[in-house]
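Here's the letter readout for the chains.
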Amino acid sequence: MHKLLKSLLVGVLILPSISTVSAASMPSSYNNLTSEEKKAFDKIYQQSSESTLQNVNVNYSTELSGLKDISSYHWTAWKKAAKGGSISKSANSGKGVGSGSYKGFTQKKIDSWKVDEKYINAIKKINKGKFPKDGNYTFPTDTSSSKLDWWVDEVGFYDIMGDPKYSKVTAKGYRTFNWTEKVRKESIKKNNESQDASTVEGDQALGSKEGFYTGWARDRGFAQIVGQSPEAVAKKICSNIEKEPIKTGEYKGRYNGACFVQFKNGNTVIKLNISIIPSKTNDGIGQGRLLYDIYFQWTEETTTISYETESHTSKQQIAQTVVARNAYASEIQKYGNFYLTPKSNVSSQKIKTRNTGFWYNINPYYHKGSASVTDEGSYGWTFSTNVSSGESGTNIYAMLPIKYKFYTDIVDSHYYAPDVGNPPKDGSGGSNNGNNNNNGGNNGGDKPNGGDSNNPGGNGNNSNNGGNGNNNGNNGNSNNSGNGGHSSIGDKENSPMIHIEIDAKDEDGRVGTVRVPKMVHLYDIDKYRKK
C-alpha cells in the first residue's frame, strides 16, 4: 500500500451511521399528570429530536415563615389548695383559661411590706435576695418576651398557662418537577492531518480537465479515504476551484487557484484544502504551457454520537397565603389541616375549625373568634381548610416552635419564713417595731391590758402600749401579731411575696436563673417557719 495512504488511514475510526432521534410519544408518567401540571411542565421542557423524555414526576411542598414572629404572651394563673389539684379550664366559668382563679396583687401590697427593713429582708431571704419592683403583679397578664418574671402572694400550689401570640404565619406552596431525558450528544475527534504536492500544467491544475485530479485521488488513496470513486472526487474538486487573476509580475494575466471541499464517509468528515500557484520551475511563459504547483492539505474528523440520560429538577412557587394573623397558639390549635389546592376549588377563605382537641369548644375572652386566610401575590393556588383533600396537607399548630403550655405545681425553693412579725394589711399605714415608737395598732384602746410593751393593744394611757384609740395600724411587735395571735409572715393571712420565673422557650425544665418551667409550687410556709 502506498506510504501516504498508510499514513492517512492511521487513527481513522469508521462508525456505522446513526440516524437522528425523532420526537417520540410522551411516556406514561407524563400522561398521568393533570392538565394543569402538563401545561406547567411544557413551559420548562420541550421534547425534540435532540432530547427524549424518559420519566417525569411531580410533588408538592409547604414552607412556613413567621414562626419566630411572636408579639406577646398571655399568662393565666390558678391557685390550688393541694398539689395536683384540679383547675377550671372552662372559659365560661370566669376562672378558666384566659382568666384563672388567681388574680395577684397590686402596688398596695408592696407598699405595706416596704414600711420596715425587716420585712424587706424577710422577703429577700426566701427569694434569693430579690424584692419586687414597684408595680402591679396581677393576672391575667401579657408580656412582650417569653419570660414571665413575676411575683405571687398567696400560699398554695400554682398552675400557670402561657400562650404565645403569633403576628403573621405565612404558608408558601411549591410544585417540583423531577424528570429524566435521553439527550443526543456529539463529540468530534481530529484523527489525521496530511499533506501532498504536485506540479502540473495549467489546464490540468486549474480544473479545465479532470484527468490529473482523477489520477491523484486514485494514486494517493484519497478516493478510498473518502469512500468515493476517483472520478467523483475529481469532479467535485474541479467544480469548486476558484480562479483569481494575477495582476502584476511576470505571471500577469495568468491565475492563482484555490479549492475547499468536504467529503463525508460515515461519521468521518474529510476537509480538503487545495492551493494552486505558478511553479517556480517555469523557464518562461510558454504558449499555454505554464506549470503550476498544487498543494494539498486535508484533515479527518470523526463525529461520535451517543445518548446520555440526564436528570433535572425545577421548583416553582404556586401559592402564598397568610394562614394566621395576630393569633394565639391556642387559637391556631383549633384550625383544621390546610391543604394546598387550586383557588378554583375553594368557595370560602374562612378557616374551618376542628371538632376535636382541647380548644375546639373553648373560647376565652382574648380569642378573636372566626378567622380567615389572605392570599398574597398572583398565584393560582391557595391554602384552605375548606377542602377535604389536596396537596401537602399541613397542621400549622404542629409546626409552631412554641405552643401554649400549662405549667403545673410550680415549686419555689425557700426553706423557712423568718419571724419578724406581720406587716400592715395592704394599703394601711404605719411602721411596727413593737416598742414605744410604734405608731401602729388596730384596736381602739378600749380593752385593758397590763401596759406591756409586748402587747400590741391596750389603752391610750400606757406609754408602752403599741397604740392608742386613734391608731389605725394592725401590727404588734416581732413576737405577737396582735390580731388573731399570728406570729410570722408565713401565716396564710399575711403570706409573703414569692418570686417566680418561667421561660416559654425553655424546653428542658432547667431550674436556676430561669426557674422552672414545671411551675412554681408555694408550699404552706407555716411548715417551714423557723421554730
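Use the structure listed above.
Please read these numbers as outputs of a predicted model, since none were measured by experiment.

## As for the nonpolar core
Part 1 of the argument: Core analysis: the biggest nonpolar cluster contains 61 residues, and Trp75, Phe139, Ile160 and Ile332 have the highest contact counts within it.
Part 2 of the argument: Non-local contacts of Ile332, meaning those with residues more than four positions away in its chain, are made with Tyr166, Ala324, Ala327, Ile396, Tyr397 and Leu400.
Part 3 of the argument: One finds Ala205, Ile241, Cys259 and Trp298 within the second-largest nonpolar core, a separate group that totals 30 residues.

## Quick look at the pairing of strand S12 (residues 338–342)
Walk down a regular strand and you will see the side chains alternate between the two sheet faces.
Part 1 of the argument: Here S12 lies mainly inside the structure; five of its five residues are buried.
Part 2 of the argument: Relative to strand S15 (residues 391–394), S12 runs antiparallel, the two being bridged by two bridges. Looking across to S15, one finds that Leu340 is bridged to Glu391.
Part 3 of the argument: Bridge analysis of S12 against strand S14 (residues 381–384) gives four bridges, and the strand direction is antiparallel. Looking at S14, one finds that Thr341 is bridged to Thr382.

## Examining the packing of helix H7 (residues 211–219) against helix H9 (residues 230–238)
Part 1 of the argument: The geometry of H7 relative to H9 is characterised by a closest axis approach of 8 Å and an angle of 130° between their N-to-C directions. By the angle class used here, H7 and H9 are oblique. The interaxial crossing formed by H7 with H9 has right-handed handedness. Of the residues in H9, those touching H7 at Tyr213, Thr214, Trp216, Ala217 and Arg218 are Pro230, Glu231, Val233, Ala234, Ile237 and Cys238.
Part 2 of the argument: Partitioned by chemical class, the residues of the contact of H7 with H9 number eight nonpolar, one polar and two charged.

## Section: the packing of aromatic side chains
Part 1 of the argument: Under the criterion given, the structure shown has 29 aromatic pairs.
Part 2 of the argument: Note on Tyr45 and Trp179: the rings are 6.2 Å apart at their centroids and 55° apart in plane angle, and the pair reads as tilted. A residue pair is termed long-range when its members are at least 10 positions apart, and Tyr45 in the loop between helix H3 (35–42) and strand S1 (51–65) and Trp179 in strand S7 (residues 156–201) qualify at 134 residues. Accessibility classification places Tyr45 together with Trp179 in one group, the buried group.
Part 3 of the argument: Here the aromatic residues Phe212, Tyr213, Trp216, Phe222, Phe263, Phe296 and Trp298 are joined through ring pairs into a cluster of three or more.
Part 4 of the argument: Between Lys315 and the ring centre of Tyr174, over which it is positioned, the NZ or CZ distance is 4.5 Å.
Part 5 of the argument: The residue whose ring lies beneath Lys403 is Tyr397, and the NZ or CZ to ring-centre distance is 5.6 Å.

Quick notes on the rules
Residues numbered from 1 in each chain as written. Predicted model: local features only at pLDDT ≥ 70, side-chain atom pairs only at ≥ 80, totals over all residues. Heavy atoms only, no water. Core = buried A, V, L, I, M, F, W, Y, C linked by side-chain atoms within 4.5 Å. Buried < 20%, exposed > 50% of the residue type's maximum accessible area, 1.4 Å probe, protein only. Contact = heavy atoms within 4.5 Å. Helix = DSSP H or I, 4+ residues; strand = E, 2+ residues; numbered from the N terminus. Pairing = 2+ DSSP bridges. Axes fitted to C-alpha atoms, helices over the stretch in contact; angles between N-to-C directions. Parallel < 35°, antiparallel > 145°, perpendicular 65-115°, else oblique. Left-handed = near helix turned anticlockwise from the far one by under 90°. Nonpolar A, V, L, I, M, F, W, Y, C, P; charged D, E, K, R; others polar. Phe/Tyr/Trp six-rings, centres within 6.5 Å; stacked < 30°, edge-to-face > 60°. Lys NZ or Arg CZ within 6 Å of the ring centre and 35° of its normal.

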